[in-house]
Structures are given as structure tokens and as C-alpha cells.
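# Remarks on the overall topology
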Amino acid sequence: MAGIKGPGEARSYDGSSLRIGIIHARWNTQIIDSLLKGTLSALHKAGVPDSNITIQSVPGSYELPYAVATMHKASQTQAASSAVGPVGGFVGSAVGDLLGGSTSDLKGMDTAAEKQQERESLKSSASTAPFDAIIAIGALIKGSTMHFEYISDAVSHGLMKVQMELGVPVIFGLLTLLNEQQGLERAGIGGSDGKQGHNHGEDWGSAAVELGCKRKAWA
Ligand code: DLZ
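Residues numbered from 1 in each chain as written. Predicted model: local features only at pLDDT ≥ 70, side-chain atom pairs only at ≥ 80, totals over all residues.

## As for the overall build of the chain
- Scanning the chain from terminus to terminus reveals 7 helices and 4 strands.
- Ordered by position from the N terminus, the helices and strands of the chain form the series β-α-β-α-α-α-β-α-β-α-α.
- Counting across all 219 residues of the chain, residues that qualify as buried make up 42%.
- Put simply, 78% of the contacts in the chain that link residues at least 6 apart link residues at least 24 apart. (Helix = DSSP H or I, 4+ residues; strand = E, 2+ residues; numbered from the N terminus. Buried ≥ 20, exposed ≤ 12 C-beta atoms within 10 Å, placed from the backbone. Contact = placed C-beta atoms within 7 Å.)

Right, here's the structure in full:
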């Protein structure tokens, strides 16, 4: 029997014309990398092309609200000035660039030259529209001080504030975890019972596509 938790059945949305931003923290990298893969898998499934996905990272979750706001504003500036070419910084890199460090793979490309070629073609076909939705991903793990409580609270309120003030859907991809094991389970890596957990990144990718489409429809 299916569980009662989760977003329920939704119709499928066509993400092929959406531009999606992803900003992720680097703390707890194993968990983050897997969440990111789940997110990208859902975006691809909905038809969002790599060239319309921009990924950036920040050190920790506390930086997420500022980064989302800056990324969104930069994409608006870029859209307004697209006739004179893309601006750098927060909106400069599509999927290929972000993956350039820890997270792998330009879809099975073998050589450095092939990867470079793929990066260049992603850049040249990249959308310069403002983001239709931004996904903020982080994993906070409780320690022995009050640090976790303060950061969880600040980031949750910060992300809500940003989306309401800027009018762009911000998907809440922040895991607030009591221990590392909870994070591994929610990132689809492995549960305490040895079973693979559900990767919550997939839900976040789908939520971004749904909200991005609805934002366009409701505008
Ligand atoms: C400092 C810190 C700690 C202790 N734990 C985490 C964590 O579990 N997850 C996370 O995303 N970030 C953590 N950070 C870093 C803070 O979010 C932030 O990057 C620094 O305090 C600098 O502002």
C-alpha cells in the first residue's frame, strides 16, 4: 500500500520552456550531491533542458537566502540586458559548470575536450529569461549547540521572505536533520534498515516545474 506522506498525485507538467535556478550548500556533501542528482533527474524528466538550468553553490545553508535573492535579481538584469550578452557571476553557468567539481558528469562524456565542447554548447544555448523557479538545497545536521536551531529558523524564514518579496517560487530543499542517517535516507542513499530511501530532491525538482508553470499561467 502506498504511504500517506508526500505530495500526492499531480498531473505532469511540461518544463521545456522553463528556466530553473538551483542553489545548494556544500556542507554535508554526500547528502547534497545525491539530492542534487535527484533534483536534476526530476527536472530532466519534465523536459527542462540542461541549458535552462543554472546551478550555483554556497558554503553553507545560512548563505542560501542571500544567494537565492542575488541569483534571481541577476537573472532579471540579464534578461533586461540580454541584447548585449549575458552578465557573469550568479547567472553565468548552466548545468555543466556546476558539475565541474565534485558532482560528476556531463552525461557520460569521456574526454576533457568533449566535456569542454558540451559546456560551450550549453552556454551558447542558455536561456537568458529570468528564473521561473529557484530551488534552494541544504542539509543542516543538529550538533551539540544551539547553532542548528538558529540556522534552521533563519534560513526557513529567509527563503519564505525572499519568495514573497521577489515574487519567484523558491522551493524549500532544506533538510533539518537530527543526525546524518536521516539525511542519507532522505537523499535516497540508504536507510538504517538497509533499504534505499526516497530521494527528496526528486520532489523538489517536480515542485519547481509545477510552480514555474503555474506562475506563468497565473501571471
Ligand atoms: C557552521 C555550520 C555547521 C556547524 N553545520 C552546518 C550544517 O550542518 N549544514 C550547513 O549547510 N551548514 C553548516 N554550517 C555552515 C553555516 O551554514 C554557514 O555557512 C556558516 O556559518 C558561515 O555563514
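## Quick look at the pairing of strand E2 (residues 53-58)
- Sheet topology note: the strand E1 (residues 20-25)/E2 ladder contains 6 bridges and is parallel. Within E2, the residue paired with isoleucine 22 across the bridge is isoleucine 55.
- A crossover connection joins E1 to the parallel E2 through helix H1 (residues 29-45); in handedness this β-α-β unit is right-handed. (Pairing = 2+ DSSP bridges. Right-handed = clockwise from strand over helix to strand, strands pointing away.)

## Observations concerning the sheet that holds E2
- The parallel open sheet is built from 4 strands, whose spatial order is E2-E1-E3-E4. Across the chains shown, the open sheet's two edge strands, defined by having one partner strand only, are E2 and strand E4 (170-177). Going from strand to strand, the sheet's axes swing by 15° on average, the running direction of each strand aside.
- In the packing of H1 onto the sheet, the strands contacted are E1, E2, strand E3 (133-141) and E4, and the crossing angle to E3 comes to about 155°. (Axes fitted to C-alpha atoms, helices over the stretch in contact; angles between N-to-C directions.)

## A few points about the confidence of the model for the chain
- The predicted model of the chain has a mean per-residue pLDDT of 85, with 79% of residues at 70 or higher.
- Scoring the predicted complex yields pTM 0.85 and, for the interface, ipTM 0.99. (pLDDT = per-residue confidence, 0-100.)

## Focus: the site of the ligand
- Inspection of the region around the ligand gives 15 residues, with Ala25, Trp27, Gly60, Ser61 and Tyr62 positioned closest.
- At the level of elements, E3 and helix H5 (147-166) are the ones that each hand at least two residues to the shell around the ligand.
- Examining the composition of the shell around the ligand, we find that 4 residues originate from one element, E3, more than from any other.
- Across the shell around the ligand, the residue classes tally to 8 nonpolar, 6 polar and 1 charged. (Near = placed C-beta within 6 Å. Nonpolar A, V, L, I, M, F, W, Y, C, P; charged D, E, K, R; others polar.)

## Overview of unusual backbone geometry
- Within the chain, asparagine 28 stands out as a residue other than glycine whose phi angle is a positive 60°.
- The residue asparagine 28 is located in the loop between E1 and H1 in this model.

## Describing H5
- Here H5 is 20 residues long and its end C-alpha atoms lie 28 Å apart, about the 28 Å a rise of 1.5 Å per residue gives.
- Buried within H5 are the following residues: Val155, Gly158, Leu159, Val162 and Gln163. Seen along its axis, H5 keeps its buried residues to an arc of 120°; they face one direction. The exposed residues of H5 that point more than 90 degrees off its buried face are Glu149, Tyr150, Asp153, His157, Met164 and Glu165.
- In this structure, the buried side of H5 is in contact with helix H2 (64-80), E3 and E4.
- Residue glycine 167 follows H5 closely and has a positive phi angle near 70°. (Expected span 1.5 Å × (residues − 1). Arc of directions from axis to C-beta.)

## Structural notes on the packing of H2 against H5
- Where H2 contacts H5, the axes come no closer than 8 Å and their chain directions differ by 20°. With respect to each other, H2 and H5 are oriented roughly parallel. The element H2 and its partner H5 pack so that their crossing is right-handed. Contact residues: Leu64, Pro65, Val68, Ala69 and His72 in H2; Val155, Gly158, Leu159, Val162 and Leu166 in H5.
- Taken together, the residues of the contact of H2 with H5 sort by class into 8 nonpolar, 2 polar and no charged. (Parallel < 35°, antiparallel > 145°, perpendicular 65-115°, else oblique. Left-handed = near helix turned anticlockwise from the far one by under 90°.)

## Quick look at the nonpolar core
- Counting residues in hydrophobic clusters, the biggest one holds 46 residues, and the most contacted among them are Ile20, Val68, Ile134, Ile135, Ala136 and Ala208.
- The residues touching valine 68, leaving out its near neighbours within four places in the chain, are Ile23, Ile134, Ala136, Leu159, Val162 and Val170. (Core = buried A, V, L, I, M, F, W, Y, C linked by C-beta atoms within 7 Å.)

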